[in-house]
Amino acid sequence: MDPTPIDKSTTVFVAGHRGLVGSAIVRKLNSLGYTNLLLRTHAELDLTSQSSVDEFFAAHKPQYVILAAAKVGGIHANNTYPADFITINLQIQTNVISSAFKHKTLKLLFLGSSCIYPKFAPQPIPESALLTGPLEPTNEWYAIAKISGIKMCQAFRLQHSFDAISAMPTNLYGTNDNFHPENSHVLPALLRRFHEAKMNNVEKVVVWGSGKPLREFLHVDDLADAVVFLMENYSDLEHVNVGSGKEVAIKELAELVKEVVGYKGEIVWDSSKPDGTPRKLMDSSKLAGLGWEPKISLKDGLTDTYKWYLENVAAQQ
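Computed from a predicted structure; not experimentally measured. (Residues numbered from 1 in each chain as written. Predicted model: local features only at pLDDT ≥ 70, side-chain atom pairs only at ≥ 80, totals over all residues. Heavy atoms only, no water.)

Engineer: Got a minute to help me understand the nonpolar core in this structure?
Structural biologist: The nonpolar side chains of soluble globular proteins are, as a tendency, buried together. Counting 37 residues, the largest nonpolar core has F13, L47, F57, L67, V96, L108 and Y117 as the members making the most contacts within it. Listing elements by their share of this core, those giving two or more residues are β1 (12-15), α2 (50-60), β3 (64-67), α4 (82-102), β4 (107-111), α5 (140-160) and β5 (164-169). Beyond its immediate stretch of four places on either side in the chain, F13 contacts L38, L45, L47, F56, F57, P62, Y64, V65 and I66. In terms of nonpolar packing, the next biggest core, distinct from the first, is built from 34 residues, L20, A24, A167 and W292 among them. (Core = buried A, V, L, I, M, F, W, Y, C linked by side-chain atoms within 4.5 Å. Buried < 20%, exposed > 50% of the residue type's maximum accessible area, 1.4 Å probe, protein only. Helix = DSSP H or I, 4+ residues; strand = E, 2+ residues; numbered from the N terminus. Contact = heavy atoms within 4.5 Å.)

Engineer: Would you mind going over the UniProt feature "domain: NAD-dependent epimerase/dehydratase" (unreviewed entry) in the protein with me for this structure?
Structural biologist: In the numbering used here, UniProt assigns the "domain: NAD-dependent epimerase/dehydratase" (unreviewed entry) feature to residues 12-243. From the first C-alpha to the last, residues 12-243 spans 24 Å; its make-up is 43% helix and 16% strand. (UniProt positions renumbered as here; feature names shortened; annotations may be inferred.)

Engineer: Sorry if this is basic, but what is going on with the pairing of β5 here?
Structural biologist: It is a general feature of regular strands that their side chains alternate between the two faces of the sheet. Across the six residues that make up β5, a large majority, six, are buried. The alternating pattern of β5 places A164, S166 and M168 and I165, A167 and P169 on opposite faces, both of which are buried. Relative to β5, β4 runs parallel, the two being bridged by four bridges. Across the sheet, the residue bridging to L111 is A167, located in β5. (Pairing = 2+ DSSP bridges.)

Engineer: For this particular structure, what's the right way to read the side chain of S23?
Structural biologist: Relative to the helices and strands, S23 is located in helix α1 (residues 20-31). Given a relative accessible area of 8%, S23 falls into the buried group.

Engineer: Would you mind showing me how to read the packing of aromatic side chains here?
Structural biologist: For any two aromatic rings, the description comes down to two numbers: the centre-to-centre distance and the angle of the planes. All told, the structure shown has ten aromatic pairs when counted by the stated rule. Look at F13 and F57: their rings are 5.8 Å apart centre to centre, the planes differ by 80 degrees, and that puts the pair in the edge-to-face class. With a gap of 44 residues between them, F13 in strand β1 and F57 in helix α2 connect regions that are remote in the sequence. The same class applies to F13 as to F57, namely buried. A network of ring pairs unites the aromatic residues F179, Y306, W308 and Y309 as a single cluster. (Phe/Tyr/Trp six-rings, centres within 6.5 Å; stacked < 30°, edge-to-face > 60°.)

Engineer: How do you make sense of the environment of F101 when you look at a structure like this?
Structural biologist: Its place among the elements puts F101 in helix α4. Taking the C-alpha atoms as reference, F101 lies 15 Å from S235; in sequence the two are 134 residues apart. Among all residues touching F101, those that are not within four sequence positions of it are F156, H160 and F162.

Engineer: Looking at this structure, how should I read the pairing of strand β8 (residues 214-219)?
Structural biologist: Of all six residues in β8, five are buried; the element is thus mostly enclosed. Examined bridge by bridge, strand β6 (residues 171-173) and β8 share three bridges and lie parallel to one another. Within β8, the residue paired with L172 across the bridge is L218. Across two bridges, the pairing between β8 and strand β12 (residues 279-280) is parallel. Within β12, the residue paired with L214 across the bridge is R279.

Engineer: I'm lost on helix α10 (residues 298-312) in this one. Help?
Structural biologist: Residues separated by three or four positions in an α-helix point in the same direction, a consequence of the helix having 3.6 residues per turn. Given a rise of 1.5 Å per residue, 15 residues ought to cover 21 Å, and the 20 Å separating the end C-alpha atoms of α10 matches this to within 8%. Listed in full, the buried residues belonging to α10 are G301, L302, T305, Y306, W308 and Y309. Projected onto a plane normal to the axis of α10, the buried residues spread over an arc of 160 degrees and lie on a single side. Structurally, α10 contributes buried residues whose contacts are with β6, α6 (186-199), β8 and α8 (250-261). (Expected span 1.5 Å × (residues − 1). Arc of directions from axis to C-beta.)

Engineer: What exactly am I supposed to notice about the sheet that holds β4 here?
Structural biologist: Hydrogen bonding along the main chain pairs the strands of a sheet, whether they run parallel or antiparallel. The six strands lie next to each other as β2-β1-β3-β4-β5-β9, forming an open sheet whose pairing is parallel. Strands at the two margins of the open sheet, each flanked by one partner only, are β2 (37-38) and β9 (240-242). Direction of pairing for β1 relative to β2: parallel, over a ladder of two bridges. Looking at β2, one finds that F13 is bridged to L38. Sitting on the sheet, α1 is in contact with β1, β2, β3 and β4, with an inclination near 155 degrees to β1. Packed onto the sheet, α4 meets β3 and β4 and runs at close to 170 degrees relative to β3. (Axes fitted to C-alpha atoms, helices over the stretch in contact; angles between N-to-C directions.)

Engineer: Looking at this structure, how should I read the packing of α2 against α4?
Structural biologist: Packed helices, taken two at a time, are described by their axes: the angle between them and the distance between them. The interhelical angle for the contact between α2 and α4, taken along N-to-C directions, is 35 degrees, at an axis separation of 9 Å. When the axes of α2 and α4 are compared, the crossing they make is right-handed. Between α2, through Q50, V53, D54 and F57, and α4, the contact on the second element is made entirely by N95, V96, S99, A100 and K102. (Left-handed = near helix turned anticlockwise from the far one by under 90°.)

Engineer: Sorry if this is basic, but what is going on with the pattern of salt bridges here?
Structural biologist: If the charged atoms of two oppositely charged side chains come close together, the side chains can form a pair. Overall, the coordinates contain 13 salt bridges when judged by the stated rule. Its salt-bridge partner being D54, residue K102 comes within 3.0 Å of it at the nearest N-O pair. Taken together, the residues K102 in helix α4 and D54 in helix α2 connect sequence positions 48 residues apart. Taking the relative accessible area as the measure of exposure, K102 reaches 49% and is therefore partly exposed. (Salt bridge = Lys/Arg side-chain N within 4 Å of Asp/Glu carboxyl O.)

Engineer: Is there a simple way to explain the side chain of N95 in this structure?
Structural biologist: Considering the arrangement of structural elements, one finds N95 in helix α4. Classification of N95 by relative accessible area gives buried; the value is 7%. Within the structure, N95 has its side chain in polar contact with the backbone oxygen of L47 (distance 2.9 Å). Once you skip the residues sitting within four places of it in the chain, N95 turns out to touch L47, T48, S49, Q50 and V53. (Polar contact = N/O pair within 3.5 Å; in protein donor to acceptor, adjacent residues only side chain to side chain.)

And the structure:
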């Protein structure tokens, strides 16, 4: 597939530009010299309102759309607010995708999540594993919405020849991550805990589980790079996995975070606590075959993320 460079002065609507993913995409587009980004906060444009979204598209007619807006949360939030997770995400996707088609957007990229895959998918997980088995029950509401988004992009392509594509990232981290003590993901949670232990001279940090499970992490700036690459180089029915292709044991991750933070104490593993899935890795060979690969190592990415945390989170505490 020949690359089709996007004119830097064209209008690009990044939906969800304040989140972890959307903000990284905006930084990337700005660094590449894009001069006509359309950005709206939730207060300025409620993406769950069909009439508001349609009016926005009618007025601004964005030529490219990157759909990074979503209601996200951890296991507890998904269990507590299942109706919100399925409804809000379906509304956002339906409104943006249908309005983009109606108002003649040239291309749309929809961002999903690796949770779309079956709980017992083969490892590494290929794109073809979608809908081959039951989902992880704890976040099926969110996953069902995201699967619907992929299918909606496919349906508009099949029925209307609308150039809508989907990308499914692995676990992400980086600038603008959520470091909340209660509901953050494993990597920012470890960064925060080691930092606080260091500041308070705590002798040991207890981490749940054995440290043996293998996980994959991708810096959000690498994802943003892949999103622009796909907008220029990919136009097809199937969604595309976006991962680093590198696995790290949680134990190794904790040691790396400890080193980056400069914590001198001890890590204690509480193996009475559950480990979760033993391995979760996406097969990103399709994207590699198109000619893209990640550039940010985990060590460099963690160093960069810790610097951001110190300047933007720790400084506010």
